[in-house]
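Examining the three-dimensional arrangement
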Amino acid sequence: QVQLVESGGGLVQAGGSLRLSCAASGRTASSYVMGWFRQAPGKEREFVAAIRWSGGSPNYADSVKGRFTISRDKAKNTLYLQMNSLKPEDTAVYYCAADPFGGTTYRYWGRGTQVTVSS
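Residues numbered from 1 in each chain as written. Predicted model: local features only at pLDDT ≥ 70, side-chain atom pairs only at ≥ 80, totals over all residues. Heavy atoms only, no water.

Another point: the overall build of the protein. Broken down by element type, the protein carries zero helices and 11 strands. Walking the protein from its N terminus toward its C terminus, one meets helices and strands in the order β-β-β-β-β-β-β-β-β-β-β. On the principal axes, the C-alpha backbone points of the protein span a range of 40 × 25 × 25 Å. The buried share of the protein, taken over its 119 residues, is 43%. (Helix = DSSP H or I, 4+ residues; strand = E, 2+ residues; numbered from the N terminus. Buried < 20%, exposed > 50% of the residue type's maximum accessible area, 1.4 Å probe, protein only.)

This is the structure we're talking about:
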């Protein structure tokens, strides 16, 4: 069982920055893939970014590429999402997710943290 807890959400102005954190319980194995998703009211859940726990090149949705950066601190067992140049359309609940088998079928999810970007 893996527990994921997001934090760092809040209200920011357009053009501002915010850093989200996702704390994972226990020791995260190198085989894990960690990802960020978001869901706006009335919208489908959307992929944002993902990274393999062992390292390597991350993947980003086109809508956030160049603005968001996903990273992880293995010592702290924590995943991050640095969000820069925020836009009102980035407003959503952001979820941390994990696939312990190193694929794209995310089996564990956090409860989400709200990000609101004002115009």
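From this point, the discussion proceeds with the structure in view.
So, on to the state of the cysteines. Taken as a whole, this structure holds one disulfide when the rule is applied. A disulfide bridge connects Cys22 with Cys96, and the sulfur atoms are separated by 2.0 Å. One quick way to see it: the torsion about the S-S bond of Cys22 and Cys96 is about -75 degrees, and its sign makes the bridge left-handed. A residue pair is termed long-range when its members are at least 10 positions apart, and Cys22 in strand S3 (residues 18-24) and Cys96 in strand S9 (residues 92-99) qualify at 74 residues. Side by side, Cys22 and Cys96 carry an identical accessibility label, which is buried. (Disulfide = S-S within 2.5 Å.)

What is shown is where atoms sit, not what they do.
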